[in-house]
Amino acid sequence: MTETVDVVIIGAGFSGLYATYRLSKQYKVICFEKGAGVGGTWYWNRYPGARVDIQSVEYSYSFDDDLQQDWKWPEYFSAQPDLERYANHVADRFNLREHIRLSNAVESLRFDAENDLWEVRTAAGDYVRCRYIIAATGALSIPNEPPWPGREDYQGVIYHTTDWPREPMDLSDKRVGLIGTGSTGVQAAPILAEQAKSLTVFQRTPAYSMPSGNRAMDEEHERDWKENYPERRKEILNTWGTSMVTYGEKSAHECSEEERTQVLEKAWNSKSAFQMQVAFTDVMTDMDANEVVAEFIRNKIRGIVDDPETAERLCPKTYPVGGKRMCIDNGYYQTFNRDNVSLVDVRSAPIVELTKTGLRTAEGEYDLDIIVMATGFDAVTGSLMNMDVEGIDGIKLAEKWKEGPTTYLGYMIAGFPNLLMVHGPMTPGAQAQMITSGEWQVDYLAELIDSMEADGKTRVDTTEEAEQWWYEETQNVAMHMVHRHADSWYNAKNIEGKKGDFMIYVGGFPRFTELSRKAAENDWEGFDLR
Ligand code: N01
């Protein structure tokens, strides 16, 4: 028998869980989840050291005051098990499991234009028809594994960080190779170094990272947040990255050397990587101002790492601070002072192939028992592109997006009516704290659905003109920001062969929400309602 529901939600990560909560109050909802548990990112990413890089008092749901008052975070920056526990608690507390089907990946979506219904087919054989799809598929779900030759010859074990096994592993007699030094590699390195016999870090581009200052939650801090949640949550929505910062009031050029150091020392100890980006008014728009911050961080690295040559190799010099997601670490640079850790530069001598016993770079061979790929993700579009999605007139999403994604405000794709996205391409993505910005987007989409229902509309699409406007806004805003000088997953330049347009909106969350609200208030301008 064919099931028909109002809304199918794809993904039971933090946004999908909230969408399930929000929409199941009024509508018949099914949420399909590929994993065997809820939590999305925090279900899959269980590599050693996996931990959130925003304080948990902020990186948490705001939709239910009892929840935010009751829940106790054991540390300032929660580790993966605590975040997964939180996701499970939310699923249980709000009875969401009755709507969620685990281990059930959506394989295809087909729009039936005669009836304004989507046909959803899943790996477990479910076939469901629904009026709306909410794709909460996550920006970072499809692993990027560079196709080095020789993989089948390698006799050790390879793990991408997102597929780390659930069972504990004894690494004490293992020679581990870690490829990649983005946020993931920077978190994994210190723990792998402690656990493994040896750790070789293969670095192509060094990261900017600052200390998290993580520690057990202190009662005073927790009480302060819990007493002030309503105002703080509101304030957060008005910050560039939906995370609490204190905006610098002066340009870096207006400050004396002494003032600059004072401001930057404070930012360095602030427990927020976004703080470094707003320490002066022009860090994210002026390359010279940015260089002041960059050199401050390089000097910190030089001060931490004992071997001057290694320190210099760890210093990022080819792109601006904040151009890629800045990292926040628990002893990353200190790791390179250990006797069992070495750093290999694979920019000057790239990895050529995997061998029977390890890997070969252009300069030498490395024997490794385990290779950890912290090589990032086919970000933003990967998960939707992996499904067979067919819109009006048989148009395939893979075909439409083959040169790169286009969307209207990140929520909709022209020709794919009633398919709504959270954290879709050209939303602020990880340039905003994902739980809060996800809640905001879900509320916005729920408002759209509610208004359609109230007006008796059955179809919402967008137009190519609206997509073109948003494309230009997204690319233009990036041209005013230092992001344009960095290759990263924000502009798809982390994956060979991609066009390199910005897939992340870097104009800040307040501007994104302002434009979204303006569209809603102008009778859903840019949305084509029928
Ligand atoms: O991925 P990345 P990530 N040869 O793409 C390297 C979020 N996150 O998983 O820079 C050699 O940033 C690549 O080198 P290069 C956060 O939003 C959050 O680390 O391309 N190296 C780079 O060093 C983050 O931005 C949290 O030159 C290769 C690394 O692999 C996002 O996830 C924790 C290579 C990939 O870095 C992604 O972070 C973790 C090759 N062929 C992640 N290909 C928290 O909240 C790639 N690399 C804590």
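Cut-offs applied
Residues numbered from 1 in each chain as written. Predicted model: local features only at pLDDT ≥ 70, side-chain atom pairs only at ≥ 80, totals over all residues. Heavy atoms only, no water. Near = heavy atom within 4 Å. Polar contact = N/O pair within 3.5 Å; in protein donor to acceptor, adjacent residues only side chain to side chain. Nonpolar A, V, L, I, M, F, W, Y, C, P; charged D, E, K, R; others polar. Axes fitted to C-alpha atoms, helices over the stretch in contact; angles between N-to-C directions. Helix = DSSP H or I, 4+ residues; strand = E, 2+ residues; numbered from the N terminus. Parallel < 35°, antiparallel > 145°, perpendicular 65-115°, else oblique. Contact = heavy atoms within 4.5 Å. Buried < 20%, exposed > 50% of the residue type's maximum accessible area, 1.4 Å probe, protein only. Pairing = 2+ DSSP bridges. Lys, Arg positive; Asp, Glu negative; His and termini not counted. Salt bridge = Lys/Arg side-chain N within 4 Å of Asp/Glu carboxyl O.

Visitor: Teacher, can you tell me more about the site of the ligand here?
Guide: Close contacts around the ligand come from 25 residues, with Arg 51, Thr 184, Gln 187, Thr 205 and Lys 324 the closest. Between the ligand and Arg 347, the relevant distance is 3.5 Å, taken from an oxygen atom to a side-chain nitrogen or oxygen of the residue. When grouped by side-chain class, the residues that make up the shell around the ligand number 10 nonpolar, nine polar and six charged.

Visitor: Can you walk me through the packing of helix 15 (residues 434-455) against helix 17 (residues 509-521) in this structure?
Guide: Between two packed helices, what matters for the description is the angle formed by their axes and the separation of those axes. Axis separation between helix 15 and helix 17 bottoms out at 12 Å; the angle between their running directions is 5°. By the criterion of interaxial angle, the relationship of helix 15 to helix 17 is roughly parallel. Residues Ser 437, Trp 440, Gln 441, Tyr 444 and Glu 447 of helix 15 lie in contact with helix 17, whose contacting residues are Phe 509, Phe 512, Thr 513, Ser 516, Arg 517, Ala 519 and Ala 520. The residue inventory of the contact of helix 15 with helix 17, partitioned by class, reads six nonpolar, four polar and two charged.

Visitor: Got a minute to help me understand the environment of Phe 502 in this structure?
Guide: Along the chain, the position of Phe 502 falls in the loop between helix 16 (464-479) and helix 17. Assessed through its relative accessible area of 3%, Phe 502 is described here as buried. Between the C-alpha atom of Phe 502 and that of Pro 405, which follows or precedes it by 97 residues, the distance is 9.4 Å. When residues no more than four places from it in sequence are discounted, the contact partners of Phe 502 are Met 426, Thr 474, Gln 475, Ala 478, Met 479, His 483, Arg 484, Tyr 490 and Asn 491.

Visitor: Please clarify how the sheet that holds strand 15 (residues 365-367) should be interpreted in this entry.
Guide: Sheet strands pair by backbone hydrogen bonding; their relative direction is either parallel or antiparallel. Taken in spatial order, the three strands of this open sheet run 13-14-15, and their pairing is antiparallel. One side of each edge strand has no neighbouring strand; the edge strands of this open sheet are strand 13 (351-354) and strand 15. Averaged over all neighbouring strand pairs, the angle between strand axes comes to 20°, with direction disregarded. Pairing of strand 13 with strand 14 (residues 358-361) involves three bridges; the strand directions are antiparallel.

Visitor: Can you help me understand the sheet that holds strand 16 (residues 370-373) in this one?
Guide: Reading across the sheet, the five strands line up as 7-16-8-9-12 and stay open at both edges, with parallel pairing between neighbours. With one partner strand each, in any of the chains shown, strand 7 (157-160) and strand 12 (341-345) form the two edges of the open sheet. Going from strand to strand, the sheet's axes swing by 20° on average, the running direction of each strand aside. Bridging between strand 8 (residues 175-179) and strand 9 (residues 198-203) involves five bridges; their strand directions are parallel. Across the sheet, residue Gly 177 finds its bridge partner in strand 9, namely Thr 200.

Visitor: Looking at this structure, I do not really get the side chain of Arg 233. What am I missing?
Guide: Note that Arg 233 resides in helix 7 (residues 229-237). One buried charge, Arg 233, has no salt-bridge partner; the nearest side chain with opposite charge is Glu 439, at 5.8 Å. Of the polar contacts made by the side chain of Arg 233, one reaches the side chain of Ser 60; its length is 3.1 Å. A distance of 3.0 Å separates a polar atom in the side chain of Arg 233 from the backbone oxygen of Tyr 61. Excluding anything up to four places from it in sequence, Arg 233 contacts Val 57, Glu 58, Ser 60, Tyr 61, Ser 62, Gln 68 and Thr 436.

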